[in-house]
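Observations on the model geometry
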Amino acid sequence: MPNLPDVEPGHVEHAADTLRGGGLVAFPTETVYGLGADAENVAAVERVFAVKGRPPTHPLIVHLSGAHQLSDWAVEVPDAAHRVAERFWPGPLTVVLRAGPRVPRAVTGGLDTVALRVPDHPVSLALLAAFGGGVAAPSANRFGAVSPTTADHVRDGLGAEVDYVLDGGSCAVGVESTIVDLTGEPAILRPGGVTRDDLEHALGHSVPVRVESAVRVPGQHPSHYAPRARVVLVEPGHVLGHAEFLHAHGCRVGVLVPPGFAGGSGGCAGQRVIAVPESGARYARRLYEFLRDFDRHGCEVVVASVPAPDGLGLAIADRLRRAAGSRSRAGHGSELFNSP
Ligand code: AMP
Ligand code: MG
């Protein structure tokens, strides 16, 4: 076993034993922390859904230790899958392929496809190698809430319901994997840690983003990745003014100030102001931490703008839109949240 940062010797073996015994293990990946179960143990997989409060129709990603395992889980592995696995694995890219007989329907929510990924984190790779099989894992948070990027986030959110938490420090990418459907013409189902440009370059053609039709999940909650605070998205040039307007009306406001606008904020009392990092990679790494920070400070509303959809901006924009999703409906005081 190689030396692993932040993990005591023996912890990975204990985690693998926990998985073998049908238990749930939270583990670090480069994207976010996962809540893992033996993908072939239906009772354990069902417990993942129960602990998260996730609808059973919302499929899980199966994590593998290497691309050599693809054919164990998929009935056909198209050239495109080999190509992107070669280029991006281990890394933040998930491929959707036709599911093989080994994949329980509990994992796929009844679909005949399966989502597969090899994560790029020494602790998850050590766990997957020690365990040997596939680990079905969604993010280690309650359904709809902000994904965890530290072991403390996992403990805060799921506490005693997880049998074992492997602590591997903070996640370097900070947003979930890019999901690409390779069962037909390739399409991005969820933007994430691998950029669309890089994916298109690897595949040698353009790849459309098909977020809405990714999976039809009956009764799916319209928001995801959401803090307790209502998230309001406005044009970059309106962020500070809108925050000031809400603050003047008595709201506790969290502000994600876009790059280039920070100078004018003036650090207004009663607002929690965070200047967004200019680099998309740095912003992605800290996005969920910022949203959690606003909740911790009791902000009722977060004002932000959607970054340009290039590089990691596409994934950040997707998460912010989903975070804003459920709270954009009309309701108590909603007139306040429209631009002044
Ligand atoms: P997470 O919430 O991070 O676990 O994300 C899992 C994502 O993978 C969800 O958005 C699922 O819709 C998607 N996913 C998992 N399995 C499949 C599949 N077979 N086909 C399409 N999308 C999938
Ligand atoms: Mg999730």
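Keep in mind the model is a prediction, meaning the values are calculated, not measured.

Re the overall build of the protein
Counting its secondary structure elements, the protein contains eleven helices and 13 strands. Looking at the protein residue by residue over its 340 residues, the buried ones come to 55%. The long-range share in the protein, meaning contacts at least 24 apart out of those at least 6 apart in sequence, stands at 69%. When the accessible surface of the protein is totalled, it reaches about 14,200 Å², and 50% of it is carbon and sulfur.

Things to note about the packing of helix 10 (residues 280-296) against helix 11 (residues 313-325)
Contact geometry of helix 10 with helix 11 gives a least axis separation of 9 Å together with a crossing angle of 30 degrees. In terms of axis orientation, helix 10 runs roughly parallel to helix 11. Crossing of helix 10 over helix 11 shows left-handed handedness. Facing Gly280, Tyr283, Ala284, Leu287 and Tyr288 of helix 10, the residues of helix 11 in contact are Ile316, Arg319 and Leu320. Residue composition of the contact of helix 10 with helix 11, by class: six nonpolar, one polar and one charged.

Comments concerning the nonpolar core
Residues Leu93, Val95, Leu116 and Leu199 are the most contacted members of the largest nonpolar core, which totals 49 residues. Contributing elements (two or more residues each) for this core: strand 2 (34-38), helix 2 (42-52), helix 3 (70-73), helix 4 (79-88), strand 4 (93-98), strand 5 (113-117), helix 7 (151-158) and helix 8 (196-203). Setting aside anything within four residues of it in sequence, one finds leucine 116 in contact with Ile61, Val62, Leu64, Leu70, Trp73, Ala74, Trp89, Leu93, Thr94, Val95 and Leu97. Judged by nonpolar contacts, the second largest core, of 26 residues, contains Val146, Val173, Ala229 and Tyr288.

Considerations on the layout of surface pockets
Reported here for the second largest pocket is a volume of approximately 410 Å³. Those elements that place two or more of their residues in the lining of the second largest pocket are helix 7 and helix 10. Here the residues of the lining of the second largest pocket sort into six nonpolar, three polar and seven charged.

Comments concerning the packing of aromatic side chains
Inspection of every chain in the model, using the stated rule, returns two aromatic pairs. Both rings, one in tyrosine 225 and one in tyrosine 288, keep their centres 6.3 Å apart while their planes meet at 10 degrees; by these two values the pair is stacked. Remark: tyrosine 288 occurs in helix 10 and tyrosine 225 occurs in the loop between helix 8 and strand 10 (230-233); sequence separation between them is 63 residues. Geometrically, the ring pair formed by tyrosine 283 and phenylalanine 290 is tilted, given 6.4 Å between the ring centres and 40 degrees between the ring planes. Comparing tyrosine 283 with phenylalanine 290 shows no difference in burial state: the two are buried. We note arginine 319 situated over the ring of tyrosine 225; from NZ or CZ to the ring centre the distance is 5.0 Å.

Description of the site of ligand 1
Near ligand 1 you find 16 residues, and of these Arg54, Thr113, Pro138, Ile179 and Arg190 are the closest. Residue arginine 190 places a side-chain N or O atom 3.1 Å away from an oxygen atom belonging to ligand 1. Listing elements by their share of the shell around ligand 1, those giving two or more residues are strand 5 and strand 9 (187-190). Ranked by residue count, the leading element in the shell around ligand 1 is strand 5, at three residues. Looking at the shell around ligand 1 residue by residue, the classes come out as eleven nonpolar, three polar and two charged.

Considerations on the pattern of salt bridges
Note that side chains of opposite charge can pair when their charged atoms are close. Tallying each qualifying case throughout the model produces 17 salt bridges. The closest approach of N and O atoms between arginine 117 and glutamate 30, which form a salt bridge, is 2.8 Å. Of this pair, arginine 117 sits in strand 5 while glutamate 30 sits in the loop between strand 1 (25-27) and strand 2, placing them 87 residues apart in sequence. On the basis of relative accessible area, arginine 117 is assigned to the buried category, the value being 2%. Across the pair arginine 296 and aspartate 293 runs a salt bridge whose closest N-O atoms are separated by 3.4 Å. Highlighted residues: arginine 296 and aspartate 293, both in helix 10, separated by three residues, approximately one helical turn. If you follow the salt bridges from partner to partner, you end up with Glu176, Asp318, Arg319 and Arg322 in one network.

Focus: the side chain of serine 147
Secondary-structure assignment places serine 147 in the loop between strand 6 (135-137) and helix 7. Of the residues examined, serine 147 reaches a relative accessible area of 1% and is grouped as buried. Polar side-chain contacts of serine 147 include one of 2.4 Å to the side chain of glutamate 176. Residues within four places of serine 147 in sequence aside, it is in contact with Val32, Ser139, Asn141, Glu176, Tyr225, Tyr288 and Arg292.

Concerning unusual backbone geometry
Cis peptide bonds are those with omega within 30 degrees of zero, and the linkage from tryptophan 89 to proline 90 qualifies with -10 degrees. Position of proline 90 relative to the elements: it lies in the loop between helix 4 and strand 4. Non-glycine residue tyrosine 225 carries a positive phi angle of around 60 degrees.

Rules used throughout
- Residues numbered from 1 in each chain as written.
- Chains lettered and ligands numbered in written order.
- Predicted model: local features only at pLDDT ≥ 70, side-chain atom pairs only at ≥ 80, totals over all residues.
- Heavy atoms only, no water.
- Helix = DSSP H or I, 4+ residues; strand = E, 2+ residues; numbered from the N terminus.
- Buried < 20%, exposed > 50% of the residue type's maximum accessible area, 1.4 Å probe, protein only.
- Contact = heavy atoms within 4.5 Å.
- Areas by Shrake-Rupley, 256 points an atom, 1.4 Å probe, with all protein chains shown as cover.
- Axes fitted to C-alpha atoms, helices over the stretch in contact; angles between N-to-C directions.
- Parallel < 35°, antiparallel > 145°, perpendicular 65-115°, else oblique.
- Left-handed = near helix turned anticlockwise from the far one by under 90°.
- Nonpolar A, V, L, I, M, F, W, Y, C, P; charged D, E, K, R; others polar.
- Core = buried A, V, L, I, M, F, W, Y, C linked by side-chain atoms within 4.5 Å.
- 1 Å grid on protein atoms, 1.4 Å probe; cavity = no way out; pocket = protein on both sides within 12 Å on 5 of 7 lines; lining within 4 Å.
- Points joined across faces, edges and corners; volume = space filled by probe spheres on them.
- Phe/Tyr/Trp six-rings, centres within 6.5 Å; stacked < 30°, edge-to-face > 60°.
- Lys NZ or Arg CZ within 6 Å of the ring centre and 35° of its normal.
- Near = heavy atom within 4 Å.
- Polar contact = N/O pair within 3.5 Å; in protein donor to acceptor, adjacent residues only side chain to side chain.
- Salt bridge = Lys/Arg side-chain N within 4 Å of Asp/Glu carboxyl O.

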